[in-house]
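Each chain, written out:
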Amino acid sequence: MLSATELDERRSLLAQSGDLAGLARHLGDRAARVIGRRPAVPRMKALLSVDGGVCPDDGAVLEFDPWSQGDHRCPQCGRSFRGERHDRAWARFQHLWLAEQAATLAALASLTGNAAAAREAGGILNEYASRYFEYPNRDNVLGPSRLFFSTYLESIWLINYLSAAMLLREAALLDESVAEAVNSVADEAANLIGEFDEGFSNRQVWHNAALAAIAVWFEDEELGSGVLQGQTGIVAQMVRGFGEDGMWYEGENYHLFALRGQLIALAWARNAGADLLAESKLAQRLALALRAPAITALPDRTFPARKDSRFGQSLAQPMYLELWEVGLARLGDPSSELWGWLADLYQSPPPKAAVFDSYLYEAGLPAPAESRSRRDLSWWALLEMAPTLPSGSSWAPGSVLLDSQGLAILREGRRYVSLECGSYGGGHGHPDRLHLTLHSGGRHWLADPGTGSYVSRDLFWYRSTLAHNAPRLDGANQPAEDAWCAAFDVQRGWSWARGMFGEVTRTLVAGPTYILDVLELAGSAERLLEVPWHPAGEVLVESPGTWVADALPDEFVTAAERLTDRGTDPVRLQFRDGSETLGLHLLFDGDLIRATGPGLPGSGEPCTFLVCRLRARNARLVAVLDTSNGATPIRSIQADGPGISVETAAGTDHHLPTGEGWDVTERGEAYRLAGVRRQKTEKKPLIDLDRRTPMRAAALHVAQAPMLDGSVDDFDTGEPVLLDHEDQYRRSEEAYVGPDEFCATAFVNWDSDALYLGVDVAKAEVIYRSDDAPPLRLDNDPDDLHSDGLQVYLRPEEGGAVYGFLVVPANDEGGVRVHVAEGCAGSPEMVTGAWTRTETGYSMTLAIALPDWSGRPRDEIEFDLVVNEMLPDRSRRAGQLVWSGGGGWVYLRGDRQPAARFGVLELR
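Quick look at the structure, then. Predicted model, so just to flag it, every value in this text is computed and none were measured. (Residues numbered from 1 in each chain as written. Predicted model: local features only at pLDDT ≥ 70, side-chain atom pairs only at ≥ 80, totals over all residues. Heavy atoms only, no water.)

Moving on, we get to the overall build of the protein. Within the protein, the regular secondary structure consists of 15 helices and 37 strands. Taken against the 2.2 N^0.38 rule, which gives 29 Å for 908 residues, the C-alpha radius of gyration of the protein at 30 Å falls within 12% of a compact globule. With respect to the three principal axes, the spread of C-alpha positions in the protein is 90 × 80 × 60 Å. Scored against the burial criterion, the 908 residues of the protein give a buried share of 58%. A separation threshold of at least 6 residues defines the contact pool for the protein, and within that pool the share at least 24 residues apart is 66%. If you sum the accessible surface of the protein, you get close to 36,300 Å²; carbon and sulfur atoms cover 47% of it. With 85 positive and 128 negative side-chain charges, the protein shows a spacing of 5 Å between the two charge centroids. (Helix = DSSP H or I, 4+ residues; strand = E, 2+ residues; numbered from the N terminus. Rg over C-alpha atoms; globule rule 2.2 N^0.38 Å. Buried < 20%, exposed > 50% of the residue type's maximum accessible area, 1.4 Å probe, protein only. Contact = heavy atoms within 4.5 Å. Areas by Shrake-Rupley, 256 points an atom, 1.4 Å probe, with all protein chains shown as cover. Lys, Arg positive; Asp, Glu negative; His and termini not counted. Charge placed at Lys NZ, Arg CZ, Asp CG, Glu CD.)

Here it is as structure tokens:
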């Protein structure tokens, strides 16, 4: 990614810097195993599946070994496994690893004159170019791709591929024939990546970087200008994706991923002549983006697993170290406090090498040494990091509020407590507003679990409110809405934060030895409030009482019990983990439930957790977390009206909420915590030009229910519902072929018993999964998505329950299979019907009987109909027609359809 002039300058620095020379030697040692012994280039496209790359015995992820194409070892049980599914999972990382190797070899060749490295890098480039068009752009999970199943992986791969080619070309080490071969790959990749814009997404950051690389390679000013200045281009992602506090809107995990992609995109932009960091506002935004994960890091130097994050990931991973090495070198500020943060990471215990899509340099290498050093980094750092590590002051972050994230962190020494408010977090968000995290005494007592595998069933547990230390109402997940931080302040050893989410308020007041946690419900009707606690270590109940069987309905929860005969005193609990303890005192008018659920991702062990259950219109739960580890234990807590008293071994503290904040009296000394904040409101335009006009159609009354034999002949067909336009089609890889090859006509009838739906679908070949078909085991979506069939959605009452059903042919005798769509009400028994083949495709007739529904003329029902399209020689659906309006892509939609998109049926 450096020009010929910049390569000359870097060679000069390399000769003067011991750190750079050491990294170059280390990279040379790594590259030696590739030169002359090139690992296999997979001939297969990568596949994402439930069982590929996973041990069938214990569920552990199989090791990625670049040198083992057919044998894949389980790190837990030590056994090796073979099979196409494992090979295709391995191919995902092998493709990415080989592109990284090509870039490493090219960097060594261009900076150190290693002729063998240049030949091997050119060989990898040429071999991929000769095969690239053999990989099918088909059956993708998230965007068009040849080598992979998602476009973002193609982008990551291409960046390394073109980086290798560019470095060789600038060093005059690239054969003309290889350059021509690279041209063909870059041209095709530009088409694949360029047509799949993912808006403001961490993945789009990588697409931008790949398109910028293509623009530089071809010297294409038009493409370069578009990717720089487009609505979702490099500048826009920098300004809108990273908030005013510097944090990417999807949380730390995706912040770090997006930041790496953004730094790479900025490098390619600079190579094209656009030094965006010369603009002070963009440089300041990058500085904040580098700072954000440092100030939110847990005391053990892992990042909090907010939203869809990997759990327990150390920020001392080389992939993350490079972000500060490269980012700080770009900003050129030797006095930045983040140099101290970086030095602190280098002194942290070295984490085990991990596998990341964007960083595979350590795959197949021995375990790291006692500490990390700058020589553990990649070719990217060799090209960009500072020659020496500037000395910085020691890193000691304090309490902080990340305003745009709504994340309040209260620190006291090595104790860390946080309250999650802010935005839901987009597609990677969790229903965990007002979640409480606690790390104290070297233990992660109350953790955000993040997310495990996207293709494992337990994904739905980790994405549930019950899996978090967050309140839920009426036994349901929180709605996908935002919370806000209503107060934050720090005063002489005391600090506080308050979050609000709908009818629920949570207030944290942190003192030297304990945390007061007050959760309040203020509603207009009686609600069921549940507050889960997921502690680490052994759970000990010190209060009297008897455990009796109870229920906590959830597919992942077992052994629910309720504590009875506990009296009126606060419940006292203690959590033990080794030599450390955490006390929890609970004062509330309700029940305490304990149950067993999945442990943290990767643990493989179930864990005990607790739930405080209250049923009221207005309720308050007072909890005190004793973090003194027995030094000044909590003796009692009392509530007298709004005031709360906490008696410790050192004396009694009095707490009182006020209109201006929170008052604390600690053994006669008064503290006044202020910082009450007003909720920000967005101004709405007087005229909303983007407001959708919902589709409308008629459902015709019939005196006699039509026959449900699969044929629409018995339906009243006077008001057809048409699905035959390009803007109703959602595609996977190929665009809509037109109504002559795929379209649908629906007819809706009704009587007092049910709604009747007849759908005639025109397509060349009907493809469905029979009742006895083996499971696909591709992901967490129903297998029947990948079949010809229908998705039907109804909401009889405005703001009421949505009934959704996936209905597909089941056998040649006309039987159908019915599933309830994810997140929808209803049961399969509510839908009956049949299907039949026709001369032009197939037709399906259904009766949908909703509970407590009886239609009347002129009633209006929110409604939508989706027709899935399956084609031969595919494992995933090709697309779908959507009555309310489609457009765009079918990826990641599953059987979900937002109610906001529904049209309207008028009963006539």
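This structure, assessed with the given rule, holds 29 aromatic pairs. Ring plane angle 65° and centroid distance 5.7 Å describe the contact between Y320 and F356, whose orientation is recorded as edge-to-face. One end of the pair, Y320, is in helix α12 (residues 318–331); the other, F356, is in the loop between α13 (338–346) and α14 (379–384), and 36 residues separate them in sequence. Here the basic side chain of R506 rests over the ring of W533, its NZ or CZ set 5.7 Å away from the ring centre. Just above the ring of F588 sits the side chain of R566; from NZ or CZ to the centre is 4.9 Å. (Phe/Tyr/Trp six-rings, centres within 6.5 Å; stacked < 30°, edge-to-face > 60°. Lys NZ or Arg CZ within 6 Å of the ring centre and 35° of its normal.)

Okay, the environment of R38 next. Tracing the sequence through the fold places R38 in the loop between α2 (18–32) and β1 (72–73). Along the primary structure R38 and A631 are separated by 593 residues, whereas in three dimensions their C-alpha atoms are 60 Å apart. Among all residues touching R38, those that are not within four sequence positions of it are E120, G123, I124 and E127. A distance of 2.7 Å separates a polar atom in the side chain of R38 from a polar atom in the side chain of E127. (Polar contact = N/O pair within 3.5 Å; in protein donor to acceptor, adjacent residues only side chain to side chain.)

Time to look at the sheet that holds strand β4 (residues 407–412). In spatial order, the strands read β3-β4-β5-β6-β7; together these five strands make up an open sheet with antiparallel pairing. The outermost strands of the open sheet, each flanked by one partner alone, are β3 (400–402) and β7 (443–446). Taking each pair of neighbouring strands and ignoring which way they run, the sheet shows an average axis angle of 15°. By the bridge criterion, six bridges tie β4 to strand β5 (residues 415–420) in an arrangement that is antiparallel. For E412, the partnering residue across the bridge sits in β5 and is R415. (Pairing = 2+ DSSP bridges. Axes fitted to C-alpha atoms, helices over the stretch in contact; angles between N-to-C directions.)

Here we come to the pairing of strand β19 (residues 606–626). Sheet topology places strand β12 (residues 514–533) next to β19; 16 bridges connect them, and they run antiparallel. The residue of β19 that forms the bridge with W533 is L610. Note: strand β17 (residues 580–587) against β19, five bridges, orientation antiparallel. When the bridges of β19 are listed, L586 appears paired with A623. With eight bridges connecting them, strand β18 (residues 591–598) and β19 associate as antiparallel partners. Residue pairing in the sheet places D591 in a bridge with R613 of β19.

In terms of strand pairing, strand β21 (residues 643–648) meets strand β22 (residues 651–657) through five bridges, oriented antiparallel. Its bridge partner being in β22, T648 is matched across the sheet by G651. Hairpin remark: β21 followed by β22, antiparallel, with two residues in the connecting loop. In terms of strand pairing, β22 meets strand β23 (residues 662–666) through five bridges, oriented antiparallel. Its bridge partner lying in β23, H655 is registered against V664. Counted between consecutive antiparallel strands, the loop separating β22 from β23 contains four residues.

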